[in-house]
Amino acid sequence: MTSLKLPLEFYLSEDVITLAEKLLGKVLCTTINGKLTSGIIVETEAYKAPEDKASHAYQNKFTDRTKIMFRPGGIAYIYLCYGIHHLFNVVTGPGEKAHAVLVRALEPLDGIQVMLNRRKMQKVQPRLTAGPGSLSKALGITTALCGEPLTEKSSKIWLEDRGIIVQRVIRSPRVGVDYAEECAAWNWRLRIKDNDWTSKAK
DNA sequence: AACATGATAAACT
DNA sequence: GTTTATCATGTTC
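Residues numbered from 1 in each chain as written. Chains lettered and ligands numbered in written order. Predicted model: local features only at pLDDT ≥ 70, side-chain atom pairs only at ≥ 80, totals over all residues. Heavy atoms only, no water.

**With respect to the pairing of strand β1 (residues 27-32)**
Operational definition: Buried, partly exposed and exposed residues are distinguished by accessible area as a fraction of the type maximum, computed with a 1.4 Å probe on protein chains only: under 20%, between the cut-offs, and over 50%, respectively. Starting at the N terminus, helices and strands are each numbered in turn, a helix being any DSSP run of H or I of at least four residues and a strand any DSSP run of E of at least two. Pairing between strands requires that DSSP locate at least two bridges from one strand to the other.
Counting buried positions along β1 yields five of six residues, so the element is predominantly enclosed. By the bridge criterion, six bridges tie β1 to strand β2 (residues 35-48) in an arrangement that is antiparallel. In the strand pairing of β2, Thr30 is matched with Thr37. Hairpin connection between β1 and β2: a loop of two residues separates the two successive antiparallel strands, and Asn33 in this loop has a positive phi of roughly 55°. Looking at chain direction, β1 and strand β6 (residues 157-160) are connected through four bridges and run antiparallel. Looking across to β6, one finds that Val27 is bridged to Glu160.

Encoded structure:
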């Protein structure tokens with residue numbers, strides 16, 4: 001169990017793109033209210049501050065919300081979007097650099113019944129954990145977990161390497177970042193090819 | 001006022 | 001079966 005947990009060094013690379021790619025196939029686990037839920041990461045997005053206009057920390061903008069990203073990697077950055085959705089990010093980099101990887105979609109693994117209850121759904125459908133807001137809700141992730149270390153034994157949230165092999169990775173432009181101008185063209189959205197659990201598009 | 005979205009409904013093939 | 005449009009929603013700045 002503990003040996004499967006990703007080591008702190010994993011998160012300290014300055015190369016967020018490669019890191020985002022490596023996160024595919026890893027397993028995100030949470031124990032909220034004593035209930036274990038987990039899923040394979042099938043879609044991520046890299047955010048590389050300060051030069052990335054799509055990042056909250058563009059130009060090293062330092063606020064109460066973004067300051068969490070300026071810490072060294074290996075912690076969770078969770079923020080509220082559109083007032084409803086909790087989005088889960090992994091903070092990466094050695095510190096100083098406000099890099100982060102957004103987890104956009106999961107393939108359910110453990111605690112599926114718990115996830116169904118949280119989503120108020122009857123049966124498993126791709127949309128259970130497809131989409132950053134959905135997966136957070138399914139795993140019980142809220143802003144209460146913001147800043148939580150992903151490497152501590154006591155953490156309620158962590159990542160595991162269960163030896164899952166990723167066959168092929170697709171790179172595509174990120175969505176919802178039109179305002180980021182030239183940065184919107186950077187192909188920093190990464191997903192596993194031919195996976196039913198990624199949000200739309202194949 | 002802006003926002004890294006999701007659920008729903010209505011329109012398509 | 002799929003894609004497209006609309007809007008609800010609350011925190012940040």
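**Here we look at the state of the cysteines**
Threshold: Cysteine sulfurs are considered disulfide-paired once they come within 2.5 Å of each other.
All told, the structure shown has zero disulfides when counted by the stated rule. Sulfur of Cys81: no disulfide; nearest cysteine sulfur belongs to Cys146 and is 14 Å away. Looking at Cys81, the relative accessible area reads 17%, which means it is buried.

**Some remarks on the side chain of Thr30**
To keep things clear, this is the line we draw: We call two N or O atoms a polar contact when they sit within 3.5 Å, provided that within protein one can donate a hydrogen and the other can accept it, with sequence-adjacent residues counted only if both atoms are side-chain atoms. Contacts are assigned to residue pairs with any non-hydrogen atoms lying within 4.5 Å of each other.
The residue Thr30 is located in strand β1 in this model. A relative accessible area of 0% places Thr30 in the buried class. A polar side-chain atom of Thr30 sits 2.9 Å from the main-chain carbonyl oxygen of Leu139. With near-sequence residues (within four places) excluded, Thr30 lies in contact with Lys35, Leu36, Thr37, Leu139, Ile141, Lys156, Ile157 and Trp158.

Read these as geometric descriptors, not functional statements.
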